[in-house]
Amino acid sequence: MKKFLQQTLASFFGSLAGLFFFFILSGGGLLIFILALLLSNNTPKIENQSALVFNLNSQINDYQSDASLSSLIGNNNDSLTLKEITSAINKAAKDDRINALYLDGSKGNIIAGYGTLTEIRKALEKFKASGKKIIAYNISQGEQDYFLTSIADEINLNPIGGMEINGFASSQLFFASALQKYGIGVQVIRVGKYKSAVEPFTLDNFSKESTIQTSELLEDLWESYVENITKNRPLKTGEINNIADNKGILQAQEAKDLKLVDQLRYEDEIINELKTITNSKDQDSFRQVTIQNYLLANPSTENNDKIAILYLEGQIVDGEGRIGEVGSTRFVAEIRRIRQDKNIKGIVVRVNSPGGSAVASELILRELQLTVKEKPLVISMGDVAASGGYWIATAGEKIFANNNTITGSIGVFNLLFNVENIAKNNGINNGVVKTNEFANLSNNFSQKTEAELAIYQQGVNKIYDLFLERVSKARNLPISKVADIAQGRVWSGKSAQKIGLVDEIGGLDTSIEYLNRKLELKNNFQIVSYPEVRNWQVELLNRLGNTQIENSLTDKEKLVKMMWELNTELDLTEILKNPHKIYTILPYKLNIK
């Protein structure tokens, strides 16, 4: 009850602050504020014979992320955490008041990684095993939607809709020619022939090594995808591949004829069926409860014994970090809080990160290593736990991952940009007076000499050797074996288990259950989540303190800025500002479609 009151008060004061903010801007809104205040007192109630409704268009995160200013305007999607979704579905499977589960795709398609979707699917499997019906409806279906809805007892598609089954592909932008055109020089220092994070700036297409690892990874993920969707459908692997090779996009009737879906129906027809299932024939709609309201009506009970989940989601950076980043300073403080809390008996570190700063990763790892001496700690990998994310994962006594988790990428690089040519082309010359040979080392207006590059290479080699050492010790593997499977190469969770980088295939719930057994808690514990959520008010103050005027940029300057700032997961402005400039990060953003 205490947690429920905390959530209610937090929600109320958050709404109050947001409404007050808009009231100030608009000069009105008092009536809206009063109505919101009155409505906030309505506690959700669950009627007998209800259906649990999962809006597939929900925004799904690993944890309830920091509230940004943008979340206050223009984003009306339901926001749910993975744990909230799986907890609600698992509870509903045992709840006599819940008759069915409705996977509602009427508002749009699902957007989530396949690691996340795998964990939701496992919860759906348990719900289905309870004997309760799952009804799915989509206007149109993408491959991610079908990954979930293929488990349903009844898959419905709008008659005017369509369906995508065309396999997986990953595309990447390459800027080498553009950078050369604009006179921007690039010098690379790296270790690992598969560490291809630098390739977008040095090549105009995938390298041979990058092509090989990406192809094999996609094959692994596609194999897992097909294996899952054929479990509950009268389809074989060869039939799915035939559709992907020869059709790609299917009209609704084609999807039905090929037995991918069961019925072509409109939403009102689905609602009528759900009215029958929930015995709501005399009502305008069926008895229903959303996942959010279901959880509010079933708050978690307080318990002295706690298991903490520390969510590391986003790029790993030095310092405090911005919203959506894993800042070393902030997370070191959070880990210390967890370690000092005597009621926390065990820890799950949920890693969903492509990596980032090697130094920041090491600082976080060090704090986790200190914590392991006092409390059991395991790693749960999300959609991606690679490079710096894997560096941190070496702290766990066990590592859990899904078959389609993207992990590995054990490699290091340094990327040096210089604007020597573009400066000269515009009449700008850089004069230097120095006291010592390497005093000009950090000058971005000149290309680095061989001697200067050797200094950077030495630093990269040292970090790479340390990375191998961390993995070797944590995974009880010879250094030579780690070196063979490293080289910056990415692996699926399934392949990573085979080569010793992962212990068990399983999601967040599996890792929690492991600690439950190890600590002999007998399911009598409370889950607590870290880090502490920051709000939009903090972001507003940060934004006001760091305002940048960009209207004076020319078109060419804006193009260069766009390439530098919007490339994949790597923010080049942050590389130039970072004092260490050594990164261990996923080769590129795997935009799998």
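Residues numbered from 1 in each chain as written. Predicted model: local features only at pLDDT ≥ 70, side-chain atom pairs only at ≥ 80, totals over all residues. Heavy atoms only, no water.

(A) Structural view of unusual backbone geometry. In this chain, Tyr530 is followed by Pro531 through a cis amide linkage whose omega measures 5°. Tracing the chain through its elements places Pro531 in the loop between strand S23 (526-530) and helix H21 (536-545). Positive phi outside glycine occurs at Gln49, with the angle close to 60°. Position of Gln49 relative to the elements: it lies in the loop between helix H2 (30-39) and strand S1 (50-55). Even without being a glycine, Glu520 presents a positive backbone phi close to 55°. If you trace the backbone, Glu520 turns up in the loop between helix H20 (508-518) and S23. For Glu520, a relative accessible area of 65% corresponds to the exposed category. (Helix = DSSP H or I, 4+ residues; strand = E, 2+ residues; numbered from the N terminus. Buried < 20%, exposed > 50% of the residue type's maximum accessible area, 1.4 Å probe, protein only.)

(B) Spotlight on the sheet that holds strand S4 (residues 98-105). Taken in spatial order, the six strands of this open sheet run S10-S6-S5-S4-S1-S11, and their pairing is parallel. The open sheet has two free edges, formed respectively by strand S10 (263-264) and strand S11 (288-290), since each of these has just one partner strand. Helix-sheet contacts for helix H4 (residues 114-129) involve S1, S4 and strand S5 (133-138), and the interaxial angle to S4 is about 145°. (Pairing = 2+ DSSP bridges. Contact = heavy atoms within 4.5 Å. Axes fitted to C-alpha atoms, helices over the stretch in contact; angles between N-to-C directions.)

(C) Fine view of the packing of aromatic side chains. The full count for this structure, using the stated rule, is 14 aromatic pairs. Between the aromatic rings of Phe168 and Tyr225, the centroid separation amounts to 5.5 Å while the plane-to-plane angle is 70°, which identifies the pairing as edge-to-face. You can see Phe168 sitting in the loop between strand S7 (162-165) and helix H6 (176-181) and its partner Tyr225 sitting in helix H8 (residues 208-229), a full 57 residues away along the chain. Residue classification places Phe168 among the buried residues on the basis of a relative accessible area of 14%. Tyr225 sits in the buried class, given a relative accessible area of 1%. Arranged with centres 5.7 Å apart and planes meeting at 80°, the rings of Phe201 and Phe417 form a pair that is edge-to-face. On the criterion of sequence distance, the pair formed by Phe201 in helix H7 (residues 199-202) and Phe417 in strand S20 (residues 412-418) is long-range, its members being 216 residues apart. What makes Phe417 buried here is its relative accessible area of 2%. Following the ring pairs from residue to residue traces out a cluster consisting of Tyr114, Phe147, Phe168, Trp222 and Tyr225. Between Arg121 and the ring centre of Phe147, over which it is positioned, the NZ or CZ distance is 5.6 Å. (Phe/Tyr/Trp six-rings, centres within 6.5 Å; stacked < 30°, edge-to-face > 60°. Lys NZ or Arg CZ within 6 Å of the ring centre and 35° of its normal.)

(D) The arrangement of the pairing of S4 in detail. Buried residues dominate S4, accounting for seven of its eight residues. Bridge count for S1 against S4 is six bridges, and the pairing is parallel. If you follow Val53 over to S4, its bridge partner there is Tyr102. Considered for its hand, the β-α-β crossover made up of S4, H4 and S5 is right-handed. (Right-handed = clockwise from strand over helix to strand, strands pointing away.)

(E) Local environment of the pattern of salt bridges. Across all of its chains, the model carries 24 salt bridges by this definition. In this structure, Arg350 engages Asp62 in a salt bridge whose closest nitrogen and oxygen atoms are separated by 2.9 Å. Of this pair, Arg350 sits in strand S15 (residues 344-353) while Asp62 sits in the loop between strand S2 (59-61) and strand S3 (79-81); the two residues are 288 residues apart in sequence, bridging distant segments of the chain. Residue class for Arg350 comes out buried when judged on its relative accessible area of 0%. Across the pair Arg475 and Asp503 runs a salt bridge whose closest N-O atoms are separated by 2.9 Å. (Salt bridge = Lys/Arg side-chain N within 4 Å of Asp/Glu carboxyl O.)

(F) Structural detail: helix H11 (residues 267-277). Among all positions in H11, only Ile270, Glu273, Leu274 and Lys275 are buried. Tucked inside the fold, the buried residues of H11 contact S4, S5 and strand S6 (154-157). In the stretch just after H11, Asn279 is the one whose phi turns positive, near 55°.

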